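Residue-level structure breakdown
So the chains spell out like this:
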Protein chains: 2
Amino acid sequence: MRADGLAGGHGGADRLGELIPVALRGMAAGVAERGGPVPAGGPAAVAAALVAERGEPAPAAADEGAAGGGESGSSDVGSAELHRAAPAPNPAAGPGGQAPAAAMPGPAPAAGNGALPRRGVGAEAALGQLSRLLAAGSADPADPACAAHLHCPPLAVAVAADVVASALNPSMDSWDQAPVASELEREFTTGIARLCYPDADHPDAVVTTGGTESNLLGLLLARENGVVQPVCGANAHHSVARAAWLLGLPVPIVVPCDGDRLLPDALDKILTPGCVVVATAGTTNTGTLDPLPEIARICHQNNARLHVDAAYGGMALCSETLKSKLDGLDRADSVALDLHKFGWQPVAAGLFAAREAADLGALTVRAEYLNADDDTEAGLPDLLGRSIRTSRRPDAFRMAVTVHALGTDGLGALVERCCATATEVARRVDEHPGLRLWGPPELSTVVLRPVVADEAGGDELVARVRRALLEAGTAVIGRAALPTGPGGANQLWLKLTLLHPHATAADYLPLLDRIAATAGAELVAGRESPVAS
Amino acid sequence: MRADGLAGGHGGADRLGELIPVALRGMAAGVAERGGPVPAGGPAAVAAALVAERGEPAPAAADEGAAGGGESGSSDVGSAELHRAAPAPNPAAGPGGQAPAAAMPGPAPAAGNGALPRRGVGAEAALGQLSRLLAAGSADPADPACAAHLHCPPLAVAVAADVVASALNPSMDSWDQAPVASELEREFTTGIARLCYPDADHPDAVVTTGGTESNLLGLLLARENGVVQPVCGANAHHSVARAAWLLGLPVPIVVPCDGDRLLPDALDKILTPGCVVVATAGTTNTGTLDPLPEIARICHQNNARLHVDAAYGGMALCSETLKSKLDGLDRADSVALDLHKFGWQPVAAGLFAAREAADLGALTVRAEYLNADDDTEAGLPDLLGRSIRTSRRPDAFRMAVTVHALGTDGLGALVERCCATATEVARRVDEHPGLRLWGPPELSTVVLRPVVADEAGGDELVARVRRALLEAGTAVIGRAALPTGPGGANQLWLKLTLLHPHATAADYLPLLDRIAATAGAELVAGRESPVAS
């Protein structure tokens, strides 16, 4: 009865109170083992460590498995430490180091024999061991050197709120599974709708799993309003084309960009009624914002719908000094917003706002067991039309707690801090003899390129620098292909996406030096062992 | 700097360790306030309590808001207790009590003025207050009287594991955001694939947000394999038709059922190549399983694809005594499975298994910043094709921890216990003078109807009994429309879905009496105040 104790509610909080410290101790041990921002050695080392942790497959266990019909024999977890199993950090930054491209193996082998364990090890053992493993083998977004992606370090207040949501487990598909959770969600999404559309008569918003689902909803609502053709910039997120594919819509027409910004004149030339335009307020590659007022005007003139993917930039609305970047947003029919980017929520914390609440009527669905007409008429709120999912976690709860804790002013201040840090880091890139800056940041993304890549190494060197830092466990940085090459051909750049709200520019300066040094080392390594390139 | 402290990883665990107890204390206070399985008074009381908690809207605050441009003035949370604001439990079970249909008002008003608070109250205050509110206003799945839906009480071990996942925040869309989280997911989903397809050469599985997304994937993979027509039983979950709509496929052809079970002969008559059949292993209404071996044979003969929605019944595979109910499952092309039902995970814990891993290739997508070809060639695993989402929470982690803690044998024992309890409760329904049993449970769902509904009250009375128990804060029970009326017309039944792994039949017997008594009282109330019916 120990391993299967319940959490929360009716008599279960005691067991949860016992187990959370076990999990946190495991996590702390794993963080200490890892040391750096990401485990060294790449995929092979992580997979090997997992296999080592499970112990060597014993012949006796294999026999037992054959006799027992599916018995795995792998449920007893060994005591090997992840840092013992992982190879020593690759001295890739030094001349003569093994080239990372050669060190990286093929896809990691699956650990164990593939079957789930039949016998359990108990809650404490499983929780302690796997929490330690997860922490030891994680890329840590709370480390400033983990700066590749729109992947934020979550706030403690949001994580603590999530514990309550998990333990009480309201499911957002019917009121009788989520009485106050649905009210709190409604209150929060109303606030988000007001944030995006301060002057609209009937805005509304719903919770999603992220920008990908929100962009899908943008195209879905357009489709249900008779739109047949998506249009987006060359800078749009891949989820736009993927949503069109899922929804059975044509492949989006792609409008050219300049400086990672959609060209309004080019849009104007191709737009017809029956189109939905997806503009971007904060591109994934560079954080650039499309010219929303002009795009909104062109859409209006052409009777086209407009959806804005503000998954990255949307929360700049909370900053008095930055919100003007989003002028025109309130003229869009719908907006995607992610609080697991600026917002510092654990994934997932997506939102989708619509200027006209009635547009969300497209999601209406009846299921007799969840929202029968007579129940709705008797006053039970209908939640099923608030999502394309059915069972749904109350992600709004931790978002609401966070906003109540910090206020939108507090969140806006964190956004400002990240953007200011990026501006300062960009200035230092521009001054750095070994690095070239793509352009000034509009949000918190700094795009750069080692100068040796221009001289000799090319895109391949740029890609190897990123992998070398990752393999060495030194840093996690991103990449972006941008049309800066001869004749507008794509060139590969390195990317720092700065979402750490407490890191300063000084925290990133050693990383700039390391990028430049690694580029030099990789260039030498590539010349010495051409087979590895 | 207190409200915006980070969780986990690099130096953040201390703040998390401070805040989690605040959240748990708030939760415990809210559970104590609530007392019963669900707050009394229905939607109006819950909404009113939320408004009361925020305090009366002060005229001064409204003035400030007009001057400050969006200032909400509602961030200071009052101290009213939810139980004070809620009306006293409605004595609906007694003769002459106010009829619930009249007591239930229209949709609940939104609390506050709609804007998000600009100024925060700090992490401790926000967390303590909102955690208490959420707990006080929740339907508690850990209370046996909360038995309406496939809405389980989560295990403490799963919730504790989720804390680590939230704090470390790996995002599953690229390896460099989730090094070991992706390996642990791969290990776990391989095990799930083996559970569903023990004899297949190359099965695979991916994590989803639940049965709704898994059913969508089932139809999507079919569509990408050239299928043009979905087919499902009249017993299928509403998400099947919704998925067809989302994907731009035709409305599913609906095959008749008998006893909530798809009729194979009827399927055989309509099936053609180019169809995908969705069968159900555990219907939402009654927990009945479709005859999978016959359906698989018919699909094979007609060269049709087969997807099985085993969201409810799938984890019976973990029980040696129950697994034969799922014979034929391994002949399906794909399977939906939910560990937030049997599996006792907090939402979401969906899985989608495919017999042929190659079928999942339909999800392949390239995004230069996440899975560039040269990175993949250099050994970085490509995660983007493992989901239709992009950023993605590591829900597999808490599932894997749970399976390691309990083993599949342990989980299977919990499934068996729920099913045995349902069988015993059904026997007691059958013996109850005031209740009629729909039929013997196949899994853990007991479907019943007050006999007075047959005599006088009809479906309307059945619906009112459910709402009266909910309104009184006494119980949360479900409803199911089943074709048991004259000429096969739908009749409304009440439903108990027993997912509490530690409740015994004795825990449910008072509820049976209360259902019967409430039906009698509602019948009298309906006669006395016909305007309320």
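Residues numbered from 1 in each chain as written. Chains lettered and ligands numbered in written order. Predicted model: local features only at pLDDT ≥ 70, side-chain atom pairs only at ≥ 80, totals over all residues. Heavy atoms only, no water.

Here we look at the overall build of chain A
Definition in use: The helix and strand labels rest on DSSP assignments: H or I over at least four residues marks a helix, E over at least two residues marks a strand, and numbering proceeds from the N terminus. A simple rule labels every residue: compare its accessible area, found with a 1.4 Å probe on the protein chains alone, to the largest value its type can have, and call it buried under 20%, exposed over 50%, or partly exposed in between. Note on contacts: a residue pair is in contact if any heavy atoms of the two residues lie within 4.5 Å. Each accessible area is a Shrake-Rupley result for a 1.4 Å probe, and residues are judged covered by the shown protein chains and nothing else.
From N to C terminus, chain A includes 17 helices and 13 strands. When each of the 533 residues of chain A is scored for burial, the buried share is 67%. Counting contacts in chain A only where the partners sit at least 6 residues apart, residues at least 24 apart contribute 72% of the total. Per element, the accessible surface of chain A, about 16,600 Å² overall, is 54% carbon and sulfur.

Considerations on the packing of aromatic side chains
For the record, the criterion: The rule is short: rings of Phe, Tyr and Trp, with Trp giving its six-membered ring, pair when the centres are within 6.5 Å, and they are stacked under 30 degrees, edge-to-face over 60, tilted in between. Whether a charge lies above a ring is judged from NZ of Lys or CZ of Arg, which has to be within 6 Å of the ring centre and within 35 degrees of the ring normal.
A complete count under the given rule lists 4 aromatic pairs over all chains for this structure. With a centroid separation of 5.7 Å and an interplanar angle of 45 degrees, the aromatic rings of Phe342(A) and Trp344(A) are classed as tilted. Looking at Trp344(A), the relative accessible area reads 0%, which means it is buried. One aromatic cluster is present, formed by Tyr312(A), Phe342(A) and Trp344(A) through successive ring pairs. Its guanidinium or amino end placed over the ring of Trp245(A), Arg223(B) lies 5.6 Å from that ring's centre, counting from NZ or CZ.

Some details on the UniProt feature "modified residue: N6-(pyridoxal phosphate)lysine" (unreviewed entry) in chain A
Residues and elements named next belong to chain A. Under the convention used in this document: UniProt positions are given in the numbering used here, feature names are shortened, and annotations may be inferred rather than shown by experiment.
When the UniProt feature table is mapped onto this chain, "modified residue: N6-(pyridoxal phosphate)lysine" (unreviewed entry) is found at Lys341. Locating Lys341 in the fold gives a position in the loop between β8 (334-338) and β9 (350-354). Residue contacts for Lys341: discarding those within four places in its chain leaves Leu150, Cys152, Ala311, Tyr312 and Leu499.

Regarding the sheet that holds strand β2 (residues 229-233) of chain B
Residue and element names in this part refer to chain B. Rules: Two strands form a pair only when DSSP identifies at least two bridges running between them. Every axis in this analysis is a line fitted to C-alpha atoms, fitted for helices over the stretch in contact. Angles between the N-to-C directions lie between 0 and 180 degrees.
Spatial ordering of the open sheet is given by β1-β9-β8-β7-β6-β2-β3, a layout of 7 strands whose pairing is mixed. Looking at strand neighbours, the two that pair on one side only are β1 (204-208) and β3 (253-255), the edges of this open sheet. Strand-to-strand twist of the sheet, defined as the mean angle between neighbouring strand axes without regard to direction, takes the value 20 degrees. Pairing between β2 and strand β6 (residues 275-280): 4 bridges, direction parallel. Bridge pairing links Cys232 to Val278 in β6. Running over the sheet, helix α8 (residues 179-196) touches β1, β8 (334-338) and β9 (350-354) and is turned about 115 degrees from β1.

Let's talk about the side chain of Asp395(A)
Residues and elements named next belong to chain A. What counts is decided by this rule: The term polar contact refers here to a pair of N or O atoms within 3.5 Å; inside protein, the definition further demands a hydrogen-donor-capable atom paired with an acceptor-capable atom, and it admits residues adjacent in sequence only when both atoms are side-chain atoms.
In this structure, Asp395 sits in helix α15 (residues 395-431). Looking at Asp395, the relative accessible area reads 5%, which means it is buried. Side chain to side chain, Asp395 and Arg398 meet in a polar contact 2.9 Å long. Contact partners of Asp395, with chain neighbours within four places excluded, come to Val207 and Ala348.

Topic: the interface of chain B and chain A
For clarity, the threshold we go by: Two parts placed together each lose some accessible area; with a 1.4 Å probe, that loss summed over both constitutes the buried area. Here, a salt bridge means any Lys or Arg side-chain nitrogen found within 4 Å of an Asp or Glu carboxyl oxygen. Throughout this entry, Asp, Glu, Lys and Arg are counted as charged residues, while Ala, Val, Leu, Ile, Met, Phe, Trp, Tyr, Cys and Pro are counted as nonpolar. The remaining residues, Gly among them, count as polar.
Across the contact, 167 residues belong to chain B and 167 residues belong to chain A. A buried area of about 14,100 Å², summed over both sides, lies between chain B and chain A, and 64% of it is on carbon and sulfur atoms. Seen at the junction of chain B and chain A, the total is 18 salt bridges. Asp375(B) is the salt-bridge partner of Arg479(A), the closest N and O atoms lying 3.1 Å from each other. Taken together, the connections running from chain B to chain A amount to 64 residue pairs in polar contact (both at pLDDT 80 or more). Ranked by the residues each element gives to the side of chain B that touches chain A, the list is headed by helix α15 (residues 395-431) of chain B, at 14 residues. Of the residues contributing to the side of chain B that touches chain A, the split by class is 95 nonpolar, 42 polar and 30 charged.

Concerning the relation of the copies chain B and chain A
Quick reminder of the rule: Least squares is the method for superposing the copies, and the C-alpha atoms it fits come from residues with pLDDT of at least 70 in both.
Expressed as a screw transformation, the operator carrying chain B onto chain A has a rotation angle of 180 degrees and an axial translation of 0.0 Å, and the superposed copies differ by an RMSD of 0.0 Å. Overall, the copies show the geometry of a two-fold rotation axis. The fraction of interface residues of chain B whose copies in chain A are also interface residues reaches 100%, indicating that both copies meet through the same surface.

Thoughts on the environment of Ala200(A)
Residues and elements named next belong to chain A. Its location among the elements puts Ala200 in the loop between α8 (179-196) and β1 (204-208). When the C-alpha positions of Ala200 and Asp330 are compared, they lie 8.0 Å apart, and in sequence the two are 130 residues distant. Ignoring anything within four residues of it in the chain, the contact list for Ala200 reads Arg194 and Arg355.

Here we look at the sheet that holds strand β7 (residues 305-309) of chain A
Pairing between sheet strands relies on hydrogen bonds along the backbone, with the strands arranged either parallel or antiparallel. All names here are of chain A. Read across the sheet, 7 strands follow the order β1-β9-β8-β7-β6-β2-β3 without closing on themselves; strand pairing throughout is mixed. Edge positions in the sheet fall to β1 and β3 (253-255), since each has one partner strand and no second. Across this sheet, the average inter-strand angle for adjacent strands is 20 degrees, counted without regard to direction.

A short note on the domain arrangement of chain A
Residue and element names in this part refer to chain A. Stated precisely, the cut-off is as follows: In this entry, domain limits derive from an automatic or database-based domain assignment.
What the domain assignment reports for chain A is domain 1 (170-392) and domain 2 (408-526). The gap between the C-alpha centroids of domain 1 and domain 2 is 30 Å. With both chains or domains summed, domain 1 and domain 2 bury close to 1,900 Å², and 66% of this area falls on carbon and sulfur atoms. At the surface where domain 1 touches domain 2, the tally comes to 1 salt bridge. Arg261 is the salt-bridge partner of Glu442, the closest N and O atoms lying 2.9 Å from each other. Among the residues making up the side of domain 1 that touches domain 2, the classes are represented as 8 nonpolar, 11 polar and 5 charged.

So, the pairing of β6(B)
Residues and elements named next belong to chain B. Stated precisely, the cut-off is as follows: Here the term right-handed applies to a crossover when the path leading from its first strand over the helix to its second strand runs clockwise, the strands being oriented away from the viewer.
The buried fraction of β6 is high, at 6 of 6 residues. Side chains Cys275, Val277 and Ala279 of β6 all project onto a buried face; the interleaved residues Val276, Val278 and Thr280 project onto the opposite face, where all are buried too. Summarising the sheet, β6 and strand β7 (residues 305-309) pair through 5 bridges and their orientation is parallel. When the bridges of β7 are listed, Val277 appears paired with Leu306. One crossover worth recording links β6 to the parallel β7 by way of helix α12 (residues 292-301), and it is right-handed.

A look at the pairing of strand β13 (residues 491-497) of chain B
Residue and element names in this part refer to chain B. For β13, the buried fraction is high: 7 of the 7 residues fall into the buried class. In this structure, strand β12 (residues 478-482) lies alongside β13, joined through 5 bridges in antiparallel fashion. Paired with Leu482 across the strands is Gln491, a residue of β13.

A look at the side chain of Thr209(A)
On the secondary structure map, Thr209(A) appears in the loop between β1 and α9 (211-224). Side chain to side chain, Thr209(A) and Glu213(A) meet in a polar contact 2.6 Å long. Ignoring anything within four residues of it in the chain, the contact list for Thr209(A) reads His340(A), Ala348(A), Gly350(A), Arg389(A), Thr209(B), Arg389(B) and Ser391(B).

Considerations on the confidence of the model for chain A
Residues and elements named next belong to chain A. Note the following rule: pLDDT: the predictor's confidence for each residue, scored from 0 to 100.
Averaged over chain A, the pLDDT score is 89; the fraction of residues at 70 or greater is 87%. This stretch, residues 57-112, has a pLDDT under 50; its non-local contacts, to residues over four places away or in other chains, come to 87 contacts. Predicted complex metrics record ipTM = 0.90 and pTM = 0.91.

Structural notes on the nonpolar core
Heads up, the condition is: To form a nonpolar core, buried Ala, Val, Leu, Ile, Met, Phe, Trp, Tyr and Cys residues must be joined to one another through side-chain atoms within 4.5 Å.
Grouped together as the largest cluster of nonpolar side chains are 220 residues, with contacts concentrated most on Leu16(A), Phe188(A), Leu16(B) and Phe188(B). Look past the residues within four positions of Phe188(A) in its chain and what remains in contact with it is Leu339(A), Leu351(A), Ala396(A), Met399(A), Ala400(A), Val403(A) and Leu116(B). Leu216(A), Leu221(A), Leu246(A) and Cys232(B) belong to the second largest nonpolar core, which has 46 residues in total.

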